[in-house]
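# Structure assessment
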Amino acid sequence: MFLGMCSIWFYRWNHVPETGKRPWVWYGMFGAELFFGFYWVLSQSVRWRPLRRSTFKERLSHRYENKLPNVDIFVCTADPTIEPPLLVVNTVLSVMAYDYPSEKIGVYLSDDGGSALTFYALLEASRFSKHWIPFCKKFNVEPRSPAAYFSTPLRPPASDLFAEEWQAVKKRYQVMESRIEAPIKSGMISEEIKAEHEGFSEWDAKVTARNHQTILKILLDGRDPENTDVDGRPLPTLVYLAREKRPQYPHHFKAGAMNALLRVSSAISNAPIILNVDCDMYSNNSEAVRDALCFFMDEEKGHEFAYVQHPQSLINVTKNNIYHNRLTVIDAKDHPGADGFGGPMYIGTGCFHRRRSLCGREYWKGYKEDWSKNTAKKSDESVTELEKRAKGLANCAAEENSHWGKKVGVRYGCAVEDVITGLSIQRNGWKSVYFNPPRSGFLGIGPITLEQVLIQHKRWSEGHLQIVLSDCSPLFRWNGKIKIGLRMAYSIYNLWATTSIPALYYVIVPALCLYNGTPVFPKMSSPWFVAFVYVIVANHMNGLFESLWSGETLQGWWNMLRMMIFKRTTSYLFGLVNTILKLSGFSKSSFVVTAKVADEEVNGRYDREIMEFGSASPMFVIIAAIALLNLVSLCGGLKAVLFAPSNEFVDFDDLVLQFLLCGFLILINVPVYEALFFRRDEGSLPAAVMLRSLVFVVLACSIGPLLVTKSL
Ligand SMILES: O=c1ccn([C@@H]2O[C@H](COP(=O)(O)OP(=O)(O)O[C@H]3O[C@H](CO)[C@@H](O)[C@H](O)[C@H]3O)[C@@H](O)[C@H]2O)c(=O)[nH]1
Ligand SMILES: [Mn+2]
């Protein structure tokens, strides 16, 4: 493969058209091919030393059952409309019901939406948990998100006792569900509900999502001996937190929320191990905590590990993974590959942290965590006093003149706060672990419209590019703590945004040249042709093989190729432009939260794997323009070959690769043509997109001949 690429480079180097005949097209192709080659080399790093891990939980409980440490669990939510409270509490309930001593668990919900609806849902969940947790533990049920669990009917053979309790708990769940939904439907919380908890008094007329005091309520207090379930066994601690928000203070999105949680939890339970999940990702494996502890408490290596990351597995992926939401190959190849070099990335959810490393402490040789020291601290403060003390830690002022967000906690100012935080931890000398058990540890929901996916990738690519330019850039800043293989692995994602330029070049320029009958690749009869064909075929065959091996379907692989082109030409381009704007001070950071709900029609089309466009987003204009341009160019090329006047003879032999490239892009873009010309549903491409993209194509085709000449 590498040899093939070298021959391509050599060919470009040696065949530059004579100057004066606009060789820029040629240099552009050369540049793109150099970049792709370099990028290919980077992407090989994760294939060198893959590591697969498994755990022995019986040994953990055999040795440490009575010394198991406390675990604090952080759940983040940001908006009650696109992250429905019912979804949030299902996640909360799934982590409250771990197969782990409940008195050692503290669950903290951070509500950046500052919503009384979410608070009410959590209050209802705290009541339901008294039935749910004992039920789960008694019958060892999986998964422990009640919504996910009750979505399948009771399967025989079930004992009478089980069937009876199953029915009773399900009934209770349904009651809770309708209670949580009632105020959402009516748009207000009734006086009756407000009377149930003094916490509601915090929501007076002045409270808005962006401007309010800290609201902190300990709904279940793990220190209280009366905090028990229906069987009289202790319940976990459960805390609701809406940190203070003021328009004059930046709130730093999820990173800010995580840091507030870190401080607040340190005052309440201060567990040495922290699990972080997004509200859209429930725990699917009740043994996940024990699994993680097998790594942290390992006598030989455990003290080196800062975090244990699970893959972001999704439940709502269609059979053929239409938007390539499930990052199949990354989960199966890249993360284990990074693990081989001392540590996968922290990817924001489904991750167990050591509090110490997350709080910015460095690793030093000989360091050992003293687990026995960290068993619960009982303080004799009353709940109100404790709440008051903890509250102060979630105020805006708590971070003034401090290292929070810089050296301590989750880092600020980067759109992938998770990745840059993991990287800083590794730069402090810690290692990390990637763990993908046979029964997925966590299951989440991914975006189900093309636009959402592209916006998510814009945020990611932008954040990754910020890392390249940051003080912990794996590409440019070396401190000896991170192995070269891992630096290369990070760079694969860090450079996402920059792939946009060569990708755009490759999908536009050869097509334009074809339209004008100008060759940019070697002719079929030339030996250099073989090098191109070899590199293309070998690369795609390898990609296909890896996809299939990782569990993707054939169609899924094809969808991945399409999404790769879409992402590179839109999301990554926007990510790149946005980063440049930000650097020059024209734009500020933002975090567009992904919607977790959609209307029925959208859901229906998603289930049938019909691509969802449905808006006049500028990203779609680019996608449509590229699709149309390639269609027009193919026709233009055919016309040039078949009907050119004899004095302007165009040889098909010269254009074979361009025909193939255009043909490939046309096949990949079939869903785009459908959405432009044939579909009439709400998810098709609106006329405005068609119009704008046509203007682009007409312009390109008319300017094209001025830029490229046949004599190239
Ligand atoms: O101001 C904010 C914005 C977001 N969130 C939460 O952050 C999480 C992730 O947001 P989501 O819209 O679901 O983004 P995704 O693209 O799905 O998230 C991935 O990428 C993010 C970084 O871009 C990481 O923070 C996430 O953990 C990772 O799952 C959700 O729980 C949100 O509630 C906040 O708490 N506060
Ligand atoms: Mn998410």
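Residues numbered from 1 in each chain as written. Chains lettered and ligands numbered in written order. Predicted model: local features only at pLDDT ≥ 70, side-chain atom pairs only at ≥ 80, totals over all residues. Heavy atoms only, no water.

## Topic: the site of ligand 1
So the rule is basically this: Nearness of a residue to a molecule or strand requires only that one of the residue's heavy atoms be within 4 Å of it. Two N or O atoms count as a polar contact when they lie within 3.5 Å, although within protein this holds only if one can serve as hydrogen donor and the other as acceptor, and sequence-adjacent residues are included solely when both atoms are side-chain atoms. To measure how exposed things are, a 1.4 Å probe is used in the Shrake-Rupley method; for residues, cover is taken only from the protein chains shown. Helix numbers and strand numbers start at the N terminus; a helix is a DSSP run of H or I with at least 4 residues, a strand a run of E with at least 2. Gly is placed with the polar residues, together with every amino acid not listed as nonpolar (Ala, Val, Leu, Ile, Met, Phe, Trp, Tyr, Cys and Pro) or charged (Asp, Glu, Lys and Arg).
Around ligand 1 lies a shell of 25 residues, among which Asp-112, Glu-417, Arg-459, Thr-594 and Lys-596 are the nearest. In the model, an oxygen atom of ligand 1 is placed 2.8 Å from a nitrogen or oxygen of the Asp-278 side chain. Contact with the protein chains removes 96% of the 680 Å² of surface that ligand 1 exposes when unbound. Of all elements in the fold, only strand 1 (71-77), helix 9 (253-268), helix 14 (417-427) and helix 15 (450-468) reach the threshold of two or more residues within the shell around ligand 1. It is helix 15 that contributes the most residues to the shell around ligand 1, three residues altogether. Of the residues belonging to the shell around ligand 1, the class tally is nine nonpolar, seven polar and nine charged.

## Considerations on the pairing of strand 7 (residues 305-309)
What counts, and what does not: Remark: exposure states derive from per-residue accessible area (1.4 Å probe, protein chains only) relative to the maximum for the residue type, with buried under 20%, exposed over 50%, and partly exposed in between. Pairing between two strands requires that DSSP report at least two bridges joining them.
A large share of strand 7 lies buried, amounting to five of its five residues. Here strand 7 pairs with strand 9 (residues 431-434) via four bridges, running parallel. Its bridge partner lying in strand 9, Gln-309 is registered against Tyr-434. Bridging between strand 7 and strand 8 (residues 351-354) involves three bridges; their strand directions are antiparallel. For Tyr-307, the partnering residue across the bridge sits in strand 8 and is His-353.

## Some words on the side chain of Thr-449
Our working rule: When checking whether two residues touch, look at their non-hydrogen atoms; a contact exists if any pair is within 4.5 Å.
Along the chain, Thr-449 falls in the loop between strand 10 (442-444) and helix 15. When sequence neighbours within four positions are dropped, the list of residues in contact with Thr-449 reads Tyr-323, Val-602 and Glu-612.

## Some details on the pairing of strand 3 (residues 215-220)
Among the six residues of strand 3, six are classified as buried, and the element is accordingly described as predominantly covered. Taken together, the five bridges between strand 3 and strand 4 (residues 237-242) define a ladder with antiparallel strand orientation. If you follow Leu-216 over to strand 4, its bridge partner there is Leu-241.

## As for the UniProt feature "binding site: UDP-alpha-D-glucose" (unreviewed entry) in the protein
Put simply, the test is: UniProt positions are given in the numbering used here, feature names are shortened, and annotations may be inferred rather than shown by experiment.
Annotation from UniProt places "binding site: UDP-alpha-D-glucose" (unreviewed entry) at Glu-83 and Asp-112. These annotated residues cover 30 residues of sequence, and their C-alpha atoms all fall within 11.1 Å of one another, placing them together at a single site. With respect to the secondary-structure elements, Glu-83 resides in the loop between strand 1 and helix 4 (85-96). According to the relative accessible area criterion, Glu-83 is buried, its value standing at 5%. In contact with Glu-83, other than residues within four places in its own chain, are Thr-77, Ala-78, Val-88, Cys-279, Val-593 and Lys-596. Among the polar contacts made by the side chain of Glu-83, one reaches the side chain of Thr-77 at a distance of 2.8 Å. Within the element layout of this structure, Asp-112 appears in the loop between strand 2 (105-111) and helix 5 (116-139).

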